[in-house]
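Breakdown of the fold
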Amino acid sequence: MSDYKFFEQVNKAFDKAGEHTKFDKGLLSQMKICNDVLHVTFPIEKDDGTIDVIEAWRVEHSHHKLPTKGGIRYSMTVNEDETMALAALMTYKCAVVDVPFGGAKGGIKIDKSKYSESELERITRRYTFELMKKDFIGPGIDVPAPDYGTSAKEMGWILDTFRQMSTDINAEGCVTGKPISMGGIRGRTEATGRGVYFGIYEACQNREDMKSLGLNPGLEGKTFVVQGLGNVGYHAANNMIQGGAKMVGVAEMDGSIYSEKGIDLDKLMQYKKENNGITGFEGSKDLENSSAVLEAECDILIPAALENQITEKNAPNVKAKIIGEAANGPTTSEAHRILKEKGALIIPDNYLNAGGVTVSYFEWLKNIQHVRFGRMGKRFEENSYKKILSVIETISDRKFTEKELGVLAKGGGEAELVDSGLEETMIIAYNEINEVRKTHNVDLRTAAFISAINKVGSIYNQMGIFP
Ligand code: GLU
């Protein structure tokens, strides 16, 4: 178990921000605590007939808005403290990006590699059943999603289990990050990584910040290192490369690699699949261990794995000028202080990785509206564009080619609308926290907390506290 008490770390950051708000101390304490903590243990029968006892949690941090929302993680690091911290981060993250949910998080303490597919299915279904029995899941109650160690597949099992025992017309909205065929939404898998890219992109547009870091504005030509090539890390890296940045270092479970010339992401993914790791990848050098790459030469460091990766031990050696926190809680509070002293710009997790829950929100809306985004308007939009283009053709004597018409008269389908909604959300939120940063003369993490506390606190103030 980690030496860092994660929930305490989150609360330290909260307290620092709380001082910049007008709320009563009692109300701030109410905002900080976890409303409901569910700890369950249950048996599952393994394929060989033996029985394993499984330990799992679901924490609903704040009921100021319902449903509560947050992923479910499958990992041996899962414990009550971690789940509480992650649930709290969900509340603040949702508030920062104006996603109208309270925060929650779940976790099952398992080593996935020790279980077969059917055993994992049984564990997931039994966990869902436990959540149902205790009223910890439902489209208006608490809505899980993927997190570390889970994906669309597990979400599909959750929905299928829920649906078997519920007649709720909105049942599809009991979980997000589902396969598209089960009510999922286009763009959800890529969403967290894509949101990380939008956030870093926006931060790099800030001329003043870039100047004080000694960097040019924009992403073009900037070098980056990514820790973790899971769903979030892969999509963040892929988008960063498409946006003109160069990936020079990668860390995975088996070690880390570095190449000044740049690393080809697609080839590396293929290599990782074939070799079960990244070390030995041609054209790059192996570093001594997984965490060594965190200290490598680069402009942007993207921790996209687990919490407490940048600590007071390695922070003094971190060379990156921008830290893009794609993971939840990758930087301890002491490391944050050290990095700040060194002048680094930290783009905090409670803003930067909010793309996942943002698109989860779109998925949930799709589920409770029972209609796909774009279904009503896409063709209408396309026909309107075509009419405008035909007027242009008449008055300008210019005939558009079929290809041009295809591009110019394209209406927004689900994928385009989701992507544009995600971009809008990340950019608006960045500028909002940047304003708070200036007003209070604080860093971006504290600014994001201040923004979240103000939004959540104003709702608590309106609700009143009942005797
Ligand atoms: N697990 C993701 C997160 O930590 C997504 C949560 C969700 O979509 O509800 O933000």
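Keep in mind the model is a prediction, meaning the values are calculated, not measured.

Conventions we followed
Residues numbered from 1 in each chain as written. Predicted model: local features only at pLDDT ≥ 70, side-chain atom pairs only at ≥ 80, totals over all residues. Heavy atoms only, no water. Salt bridge = Lys/Arg side-chain N within 4 Å of Asp/Glu carboxyl O. Helix = DSSP H or I, 4+ residues; strand = E, 2+ residues; numbered from the N terminus. Buried < 20%, exposed > 50% of the residue type's maximum accessible area, 1.4 Å probe, protein only. Axes fitted to C-alpha atoms, helices over the stretch in contact; angles between N-to-C directions. Parallel < 35°, antiparallel > 145°, perpendicular 65-115°, else oblique. Left-handed = near helix turned anticlockwise from the far one by under 90°. Contact = heavy atoms within 4.5 Å. Nonpolar A, V, L, I, M, F, W, Y, C, P; charged D, E, K, R; others polar. Pairing = 2+ DSSP bridges. Near = heavy atom within 4 Å. Polar contact = N/O pair within 3.5 Å; in protein donor to acceptor, adjacent residues only side chain to side chain. Areas by Shrake-Rupley, 256 points an atom, 1.4 Å probe, with all protein chains shown as cover. Expected span 1.5 Å × (residues − 1). Phe/Tyr/Trp six-rings, centres within 6.5 Å; stacked < 30°, edge-to-face > 60°. Patch = residues over 30% accessible without salt bridge, like charges linked within 9 Å, V, L, I, M, F, W, Y side chains within 5 Å. 1 Å grid on protein atoms, 1.4 Å probe; cavity = no way out; pocket = protein on both sides within 12 Å on 5 of 7 lines; lining within 4 Å. Points joined across faces, edges and corners; volume = space filled by probe spheres on them.

One side chain can pair with another of opposite charge once the charged atoms of both are near each other. Within this structure, the stated rule accounts for 33 salt bridges. In this structure, Glu 130 engages Arg 126 in a salt bridge whose closest nitrogen and oxygen atoms are separated by 2.9 Å. Here Glu 130 pairs with Arg 126, and both are found in helix H4 (residues 117-133), just four residues apart, close to one helical turn. Owing to a relative accessible area of 4%, Glu 130 belongs among the buried residues under this scheme. Connected via shared salt-bridge partners are Arg 73, Glu 82, Lys 105, Asp 147 and Glu 307.

Before going further, it helps to spend a moment on the packing of helix H6 (residues 188-205) against helix H15 (residues 414-440). Running from N to C, H6 and H15 point in directions that differ by 45 degrees, and their axes come no closer than 9 Å. Between H6 and H15, the angle falls in the class oblique. Where H6 crosses over H15, the handedness of that crossing is right-handed. Residue-level inspection shows Ala 191, Arg 194, Gly 195, Phe 198, Gly 199, Glu 202 and Ala 203 of H6 in contact with H15, the latter providing Asp 419, Leu 422, Glu 423, Met 426, Ile 427, Tyr 430 and Asn 431. Here the contact of H6 with H15 is built from residues that sort into seven nonpolar, three polar and four charged.

This next bit is on the sheet that holds strand E11 (residues 322-324). A sheet is described by the order of its strands in space; here seven strands give the open sequence E9-E8-E7-E6-E10-E11-E12, paired in mixed fashion. Each having just a single partner strand, strand E9 (285-286) and strand E12 (345-347) make up the two edges of the open sheet. By the bridge criterion, two bridges tie strand E10 (residues 300-303) to E11 in an arrangement that is parallel. Across the sheet, residue Leu 301 finds its bridge partner in E11, namely Ile 323. Sitting on the sheet, helix H8 (residues 231-242) touches strand E6 (223-227), strand E7 (246-252) and E10, and the angle it makes with E6 is about 170 degrees.

A separate point is the site of the ligand. By nearness alone, 14 residues border the ligand, and Lys 69, Lys 93, Pro 146, Asp 147 and Ser 360 come closest of all. Taking Lys 105, its side chain carries an N or O atom lying 2.9 Å from an oxygen atom of the ligand. Protein chains bury 95% of the 290 Å² of accessible surface belonging to the ligand in isolation. Contributions of two or more residues to the shell around the ligand are made by strand E3 (68-74), helix H3 (80-96), strand E5 (142-146) and helix H12 (355-369). Within the shell around the ligand, the residues separate by chemical class into four nonpolar, five polar and five charged.

This brings us to H8. Compared with the 16 Å implied by 1.5 Å per residue over 12 residues, the 17 Å span of H8 between its first and last C-alpha is a close match. Every buried residue belonging to H8 is among Gly 233, Tyr 234, His 235, Ala 236, Ala 237, Asn 239 and Met 240, and all of these are buried. On the buried face of H8, the contacting elements are H6, E6, E7, helix H9 (265-275) and E10. Just past H8, the residue Gly 244 takes up positive phi, approximately 105 degrees.

It is worth spelling out the packing of aromatic side chains at this point. In total, this model carries nine aromatic pairs according to the counting rule given. Between Phe 101 and Tyr 361 the ring centres are 5.7 Å apart and the planes differ by 90 degrees, which places this aromatic pair in the edge-to-face class. Placement of the pair is Phe 101 in the loop between H3 and strand E4 (102-108) and Tyr 361 in helix H12, with a sequence separation of 260 residues. Judged by centre distance (5.9 Å) and plane angle (35 degrees), the rings of Tyr 361 and Phe 362 are tilted. We classify Phe 362 as buried; its relative accessible area is 14%.

Here the focus is a nonpolar patch on the surface. Together, Tyr 385, Ile 388 and Ile 392 make up a nonpolar patch on the protein surface, roughly 250 Å² of accessible area in all. Structurally, Ile 388 is set in helix H13 (residues 378-396).

The sheet built from five strands is open, its strands ordered E1-E2-E4-E3-E5 with mixed pairing. For this open sheet the edge positions go to strand E1 (36-45) and E5, each flanked by a neighbour on one side alone. The average angle at which neighbouring strand axes cross in this sheet is 20 degrees, direction not considered. Where E3 meets E4, five bridges bridge the pair, whose relative direction is parallel. Among the inter-strand pairings, Lys 69 is bridged to a residue of E4, identified as Gly 103.

Moving on to the layout of surface pockets. Here the second largest pocket defines a volume of roughly 370 Å³. In this structure, the second largest pocket is lined by 21 residues; those nearest its centre are Gln 9, Ala 13, Ser 333, His 336 and Arg 445. Where the lining of the second largest pocket is concerned, the elements lending two or more residues are helix H1 (6-18), helix H10 (333-341) and helix H16 (444-463). The element that contributes the greatest number of residues to the lining of the second largest pocket is H1, accounting for six residues. Looking at the lining of the second largest pocket residue by residue, the class counts come to five nonpolar, eight polar and eight charged.

Turning to helix H5 (residues 152-164), a few remarks are in order. Across its 13 residues, H5 extends 18 Å between first and last C-alpha, which sits within 8% of the 18 Å expected from 1.5 Å per residue. Taken together, the buried positions of H5 are occupied by Glu 154, Met 155, Gly 156, Trp 157, Ile 158, Leu 159, Thr 161 and Phe 162. Contact partners of the buried residues in H5: E3, H4 and E5.

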